[in-house]
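What the coordinates show
Residue strings, one per chain:
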Amino acid sequence: MISEAEAPRPLHRNEGLKTQSNYLRGTILEGLADPITGAVSDDDTQLMKFHGIYQQDDRDLRNERRKRKLDKAYSFMIRVRVPGGVSTAEQYLAMDEIADEYANGTLKLTTRQAYQLHGVLKHNLKTTIQDINKTCMDTIAACGDVNRNVMANPNPYQSAVHADALKVAEDISAHLTPRTGAYHEIWLDGEKIESSEHEEEPIYGKTYLPRKFKIAMAIPPSNDVDVFAHCLGYIAIIEDGELVGFNVSVGGGMGMTHGKTSTFPRLAEVMGFCTVAQAVAVSEAVVKVQRDHGDRHERAHARFKYTVDDHGVDWIREQVETHLDFKIQKARPYTFEHMGDRYGWVEGVDGKQHLTLYITNGRVKDEGALRIKTGLRAVAKIHKGDFRLTANQNIIIANVAREDRDEIEAILADHGMGESHAKSGIRLNSMACVALPTCGLALAESERYLPDLVGDIEKVLDAHGLSDEEIVIRMTGCPNGCARPYNAEIGLVGKAPNKYNLYLGAAFEGHRLSKLVEESAKPERVVEILTPLIKNFSELREPGEHFGNFLVRTGYVKPVLVSRTDFHD
């Protein structure tokens, strides 16, 4: 008889679902054809994530529809991959038109440099996906247990190596894209393959990864992509003006579960250095290590950060090298100075102009005199360069010829966007996830509320002469951490309606997590806690010291140095 301790642990049900899905097909086509409901089956809901689609419903309408004995107000969110955040003016115009035609009339710029459409009805899904693909963009692997949109520093003014780094990000994205024909078959009317026996996923296999996988590429001194918050990070090493390679970091991730101390956010650790030519091979090797060794039994423990935390970076490096014909080199020096965006006009090394606009929580919409959506559409119609999405939910009108600046400035001014970045330092460094009403995981408001909370905190900062002080504040409606709140100097994580866990003390440069200060705090309590801290900061800070570092130096919060032991204690 096999003892309980010897019995094999059962796989999570999603593993069987992936195995039996015929390489991500499931019964999606049948579900799309069902006119009785605006939803799809639970199994297909999971599989459609691999295609970049989330089923949602309007939670503001749930109670009323329940009283009227109506089904939930189902719709779908579609996420569009934009490797490195770079899209053409034509692609931006297409997204703008698609949002009006099939979604809720707005665009969401995500924290991972992607476009999101909300409110797409089931019968419009296929047409919407087809229109997206006509722009030479796609949604495959924007979600699901695969590598997702590969991020890269979008600020081309920094150095001539930006284009080289972006090319590597695009190459990694293409290399790690699933090979299944399901996407083209279901959404683009591609040739149908009847049996999975004729297919192969050379990197992922039949069961793909245990959980989602995220990659980011940073160019020091800017850590605007929050590189340590990702499963795999590439930190550009520049010598004599040339991109010679990357320091490779492993094991970052933001999500956790309330009340479950075995879960925690974690920052990545630098594993070593690889050359530019080796970067794609390293990405495949790391993904294969997670494929083979990630936890497929407990999804709360399935992210790559736990694989790294359980085994250690040295073990991970050894496993990675079994998939390579070269060794990972010793890491090289680098320095990060900030995580934020550089607002306003800047000039690149080639003389082209780049304008970073502040977009509140990444929501592109018209509201009163501030007509962001209409204004950006007007710019896109005459813009000869490109649009770059930042990891902080903002947008860059990039590669503008000097002689075209005046026309773009006039358009923006006519639409109330002439001084989009004339905001306080904390507002310009604020970020929120969507949360209510569409996210099914949200426990509290986020996108709809953070601007108001920032306004209350601004009053305190103004009173102490700190209006221009850059302080990173981020809010999410649940502990999954989509807006990376645990890596913010002020982080708020939804615990219940109008209640948030308050975290403080992360590093402005992104290399240290924040610490829990109070659970289930109402917004007014958050302001009450921050008020004396801001006063002390204004009076006792050292030259150039940032708020999070001040709170750690003065002992208000303990530094989170090792997530497993320091985050929850």
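Structural data are supplied above this passage.
If you're wondering where the values come from, they're calculated on a predicted model, not measured in any experiment. Along each chain, the written sequence defines residue order, and numbers are assigned to residues from 1. Since the coordinates come from a predicted model, pLDDT governs what is reported: local features require at least 70, and pairs of side-chain atoms require 80 or more to be given and counted, while whole-chain, interface and lining totals use all residues. To get the side-chain values, take all heavy atoms of the structure and skip hydrogens and water.

Next up on the list: the sheet that holds strand β11 (residues 344–347). Spatial strand order, β3-β16-β17-β12-β11: five strands in an open sheet with antiparallel pairing. Here the strands that pair on one side only, and so sit at the sheet edges, are β3 (86–88) and β11. Taken pair by pair, the neighbouring strands of this sheet meet at an average axis angle of 25°, ignoring direction. At least two DSSP bridges between two strands are required for those strands to pair. We count a stretch as a helix when DSSP gives it H or I for four or more residues in a row; a strand needs E for two or more, and each element gets its number in order from the N terminus. Pairing analysis gives four bridges linking β11 to strand β12 (residues 353–357), with the strands arranged antiparallel. Considered in β12, the bridge of Val346 is made with His354. Contacts are assigned to residue pairs with any non-hydrogen atoms lying within 4.5 Å of each other. What counts as an axis is a line fitted to C-alpha atoms, over the stretch in contact for a helix, and the angles between N-to-C directions run from 0 to 180 degrees. In this fold helix α13 (residues 405–414) packs onto β11, β12 and β17 (395–400), with an angle of close to 155° to the strand it touches most, β17.

This part is about the packing of helix α7 (residues 162–175) against helix α9 (residues 279–293). At a closest axis distance of 9 Å, the pairing of α7 and α9 adopts a crossing angle of 40°. Here α9 runs oblique to α7, going by the angle between their axes. In the crossing of α7 with α9, the sense of the turn from one axis to the other is right-handed. Mapping the contact onto sequence places Val168, Asp171, Ile172 and His175 in α7 and Ala279, Val280, Ser283 and Glu284 in α9. When describing relative orientation, an angle under 35 degrees is termed roughly parallel and one over 145 degrees roughly antiparallel, while 65 to 115 degrees is termed roughly perpendicular and anything else oblique. Handedness of each helix crossing follows the sense of rotation of the near helix against the far helix: counterclockwise by less than a right angle gives left-handed, clockwise gives right-handed.

A carboxyl oxygen of Asp or Glu within 4 Å of a side-chain nitrogen of Lys or Arg is what we treat as a salt bridge. Enumeration over the complete set of coordinates arrives at 47 salt bridges. A salt bridge links Asp309 to Arg564; its shortest N-O distance comes to 2.5 Å. Highlighted residues: Asp309 in helix α10 (residues 304–311) and Arg564 in helix α18 (residues 563–566), separated in sequence by 255 residues. Salt-bridge contacts for Arg402 lead to Glu347; the nearest nitrogen and oxygen are separated by 2.5 Å. Of the two residues, Arg402 is situated in the loop between β17 and α13 and Glu347 in strand β11; the sequence distance between them amounts to 55 residues. If you follow the salt bridges from partner to partner, you end up with Glu15, Lys18, Asp145, Arg296 and Arg299 in one network.

What follows is about the side chain of Asn429. Summarising the element assignment, Asn429 is placed in the loop between α14 (425–428) and β18 (430–432). Taking the relative accessible area as the measure of exposure, Asn429 reaches 9% and is therefore buried. Setting aside residues no more than four positions away along its own chain, Asn429 makes contact with Gly340, Glu470, Ile471, Val472 and Ile473. Buried means the residue's accessible area, taken with a 1.4 Å probe over protein chains only, is under 20% of the maximum for its type, while exposed means over 50%, and partly exposed covers the values in between.

Side-chain alternation along strand β19 (residues 473–476) places Ile473 and Met475 on one buried face and Arg474 and Thr476 on a second face that is also buried. Inspection of the sheet shows β18 paired to β19 by three bridges, in the parallel sense. In the sheet register, Ser430 faces β19, and the bridge partner there is Ile473. Direction of pairing for β19 relative to strand β20 (residues 490–496): parallel, over a ladder of four bridges. In the strand pairing of β20, Arg474 is matched with Gly491.

Moving on to the packing of helix α12 (residues 372–382) against α13. Where α12 contacts α13, the axes come no closer than 9 Å and their chain directions differ by 160°. If you check the angle between α12 and α13, you find them roughly antiparallel. With respect to the hand of their crossing, α12 and α13 are arranged in right-handed fashion. When α12 is examined against α13, the residues Gly375, Ala378, Val379 and Ile382 are found in contact with a partner set consisting of Glu407, Ile408, Ile411 and Leu412. Partitioning the contact of α12 with α13 into residue classes produces six nonpolar, one polar and one charged. Residues were grouped as follows: Ala, Val, Leu, Ile, Met, Phe, Trp, Tyr, Cys and Pro as nonpolar; Asp, Glu, Lys and Arg as charged; and all remaining residues, including Gly, as polar.

On to the packing of aromatic side chains. Geometry of aromatic contacts follows a simple scheme: Phe, Tyr and Trp rings, the Trp one being its six-membered ring, pair when their centres are within 6.5 Å, and the pair is stacked under 30 degrees between planes, edge-to-face over 60, tilted otherwise. Taken as a whole, this structure holds 15 aromatic pairs when the rule is applied. Between Tyr486 and Tyr503, the ring centres sit 5.3 Å apart and the planes meet at 85°, which makes this aromatic pair edge-to-face. With Tyr486 in the loop between β19 and β20 and Tyr503 in strand β21 (residues 499–504), this residue pair connects regions lying 17 residues apart in the sequence. We note that Tyr486, like Tyr503, is buried. These aromatic residues form a ring-pair network of at least three members: Phe50, Tyr204 and Tyr208. A positively charged side chain is recorded as over a ring if its NZ (Lys) or CZ (Arg) lies within 6 Å of the ring centre. The angle to the ring normal must also be within 35 degrees. When the ring centre of Phe273 is taken as origin, the NZ or CZ atom of Arg332, which lies over that ring, is 3.8 Å away.

Looking along the chain, the bond that leaves Pro220 and enters Pro221 is cis, with omega of 10°. Here Pro221 is to be found in the loop between β7 (215–218) and β8 (232–239). In this model, Leu436 is joined to Pro437 through a cis peptide bond whose omega is 10°. You can see Pro437 is positioned in the loop between β18 and α15 (450–463). One non-glycine residue with positive phi stands out, namely Gln113, at about 60°. Within the secondary structure layout, Gln113 lies in the loop between β4 (107–109) and β5 (115–120). Phi at Ser520 takes a positive value of approximately 50°, unusual for a residue other than glycine. The exposure class assigned to Ser520 is partly exposed, which follows from its relative accessible area of 31%.

Let us look at the side chain of Asp145. Tracing the backbone shows Asp145 in the loop between α6 (125–134) and β6 (151–152). Within 3.5 Å is the distance limit for a polar contact, defined as a pair of N or O atoms, with the added protein rule that one can donate a hydrogen and the other accept it, and that residues adjacent in sequence qualify only through two side-chain atoms. At a separation of 3.1 Å, a polar atom in the side chain of Asp145 contacts the side chain of Arg299.

A sheet is described by the order of its strands in space; here five strands give the open sequence β18-β19-β20-β21-β22, paired in mixed fashion. At either margin of the open sheet sits one strand with a lone partner, and together these are β18 and β22 (515–521). Looking at each pair of strands side by side, their axes are set apart by 15° on average, direction ignored. Where β20 meets β21, six bridges bridge the pair, whose relative direction is antiparallel.

On to the pairing of β20. Across the seven residues that make up β20, a large majority, five, are buried. Connecting β20 to the next strand, β21, in antiparallel fashion are two residues, including Asn498 with a positive phi near 65°.

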